[in-house]
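Single-letter residue listing:
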Amino acid sequence: MRRFALMLVLFGAGGCGYKWAAKVIDPTLAAGGTVLERGEGSRTSFTIGAYSFAQESLDREAVAGSTGLSPDGQARPTERIDLQLTMQVEGRRWGGACRALREPTGRADYAAVTDEFHDVVKIDCTFDDGAGATWVLAMAGSLAANLGGTLEPKHASFAGGGLEVEVLMWRNVWQRVRRHLPEALGQVRANRKSTAAMVLARPEKAWLDSGAPGELLDISMVTLGALRMLPLGFEG
């Protein structure tokens, strides 16, 4: 009974607004963005605002390859994760295909006391709207730090260049103590201004810059949805 009550408290804490997110999200987006809450959902799909996400397939396999990111230069058995997903919003349908690699970099007990030996990850995704728009995501780094990556348009009709994507798992407290966030936050930026952010845990919550162009909002959300669905251990 006590365990059930604790689960309700923890779920309620997330559902009450994720106050910690205000400490890491773009302040302008946090103050003036449109807030979207999770609606219906299951283990393989969820709806947040007008955006509906569905996992079409998820395959996980141990492979002999390496990400090449280990700080000690050693290659270790890697997990490969292939994800296919769709996102639908107001009659538009986006598809996504992602391949992610997660590689351990040392003993788990040693990783607990050093930032140098946490798992490393590499993420490559392609997204398209079925009408000529194609974007490519590339991210790589250690789970001991926040991740950064790029989201590049591959179609000539889009003007404005690429976007920046980040997965925030850590924050500095009083500029001195580094703390792991209760849940990771994904964020997409265009020219240093965030277009969208999403809590990458259930119940999902998102913030949108409603003044951004429609394609920017779509690609930002499908990217964040993919990061939410990839089981890469952002939660620590």
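Above this text sits the structure in question.
Report on the accompanying structure. Model, not experiment: these values are computed from the prediction.

Space inside the second largest pocket adds up to approximately 270 Å³. What lines the second largest pocket is a set of 13 residues, and nearest its centre among them are R43, T44, Q55, R228 and M229. Contributing elements (two or more residues each) for the lining of the second largest pocket: strand 2 (45-48), strand 3 (51-63) and helix 4 (214-229). Each residue belonging to the lining of the second largest pocket can be placed in one class, and the counts come to 4 nonpolar, 4 polar and 5 charged.

With the rule as written, the count across this model stands at 14 salt bridges. Two residues, R80 and E61, come together in a salt bridge whose shortest N-O distance is 2.7 Å. Placement of R80 in strand 4 (residues 78-89) and of E61 in strand 3 is noted, with a sequence separation of 19 residues between them. Judged by its relative accessible area of 43%, E61 falls in the partly exposed class. A salt bridge links R102 to D119; the shortest N-O distance between them is 2.7 Å. Of this pair, R102 sits in strand 5 (residues 92-103) while D119 sits in the loop between helix 3 (108-111) and strand 6 (120-128), placing them 17 residues apart in sequence. The partly exposed category is assigned to R102, whose relative accessible area is 22%. Under the relative-accessibility criterion, D119 is labelled partly exposed at 21%.

Under the defined criterion, the tally for this structure stands at 1 disulfide. For C98, the disulfide goes to C125, at an S-S distance of 2.1 Å. Where C98 bonds to C125 through sulfur, the torsion about that S-S bond is close to 115 degrees, and the disulfide is right-handed. Of the two residues, C98 is situated in strand 5 and C125 in strand 6; the sequence distance between them amounts to 27 residues. According to the relative accessible area criterion, C98 is buried, its value standing at 4%.

This part is about the nonpolar core. Grouped together as the largest cluster of nonpolar side chains are 51 residues, with contacts concentrated most on Y51, I123, F127, M221 and F234. Per element, the largest residue contribution to this core is 9 residues, and it comes from helix 4. Counting 13 residues, the second-largest nonpolar core is a separate cluster that includes Y18, L181, L185 and W207.

Considering the arrangement of structural elements, one finds L143 in the loop between strand 7 (134-142) and strand 8 (147-153). Remark: the alpha-carbon pair of L143 and G233, spanning 90 residues in sequence, is separated by 8.2 Å. Here L143 is in contact with R102, H118, D119, V121, M169, W170, L232, G233 and F234, once residues within four sequence places are set aside.

Parameters and conventions
- Residues numbered from 1 in each chain as written.
- Predicted model: local features only at pLDDT ≥ 70, side-chain atom pairs only at ≥ 80, totals over all residues.
- Heavy atoms only, no water.
- 1 Å grid on protein atoms, 1.4 Å probe; cavity = no way out; pocket = protein on both sides within 12 Å on 5 of 7 lines; lining within 4 Å.
- Points joined across faces, edges and corners; volume = space filled by probe spheres on them.
- Helix = DSSP H or I, 4+ residues; strand = E, 2+ residues; numbered from the N terminus.
- Nonpolar A, V, L, I, M, F, W, Y, C, P; charged D, E, K, R; others polar.
- Salt bridge = Lys/Arg side-chain N within 4 Å of Asp/Glu carboxyl O.
- Buried < 20%, exposed > 50% of the residue type's maximum accessible area, 1.4 Å probe, protein only.
- Disulfide = S-S within 2.5 Å.
- Core = buried A, V, L, I, M, F, W, Y, C linked by side-chain atoms within 4.5 Å.
- Contact = heavy atoms within 4.5 Å.

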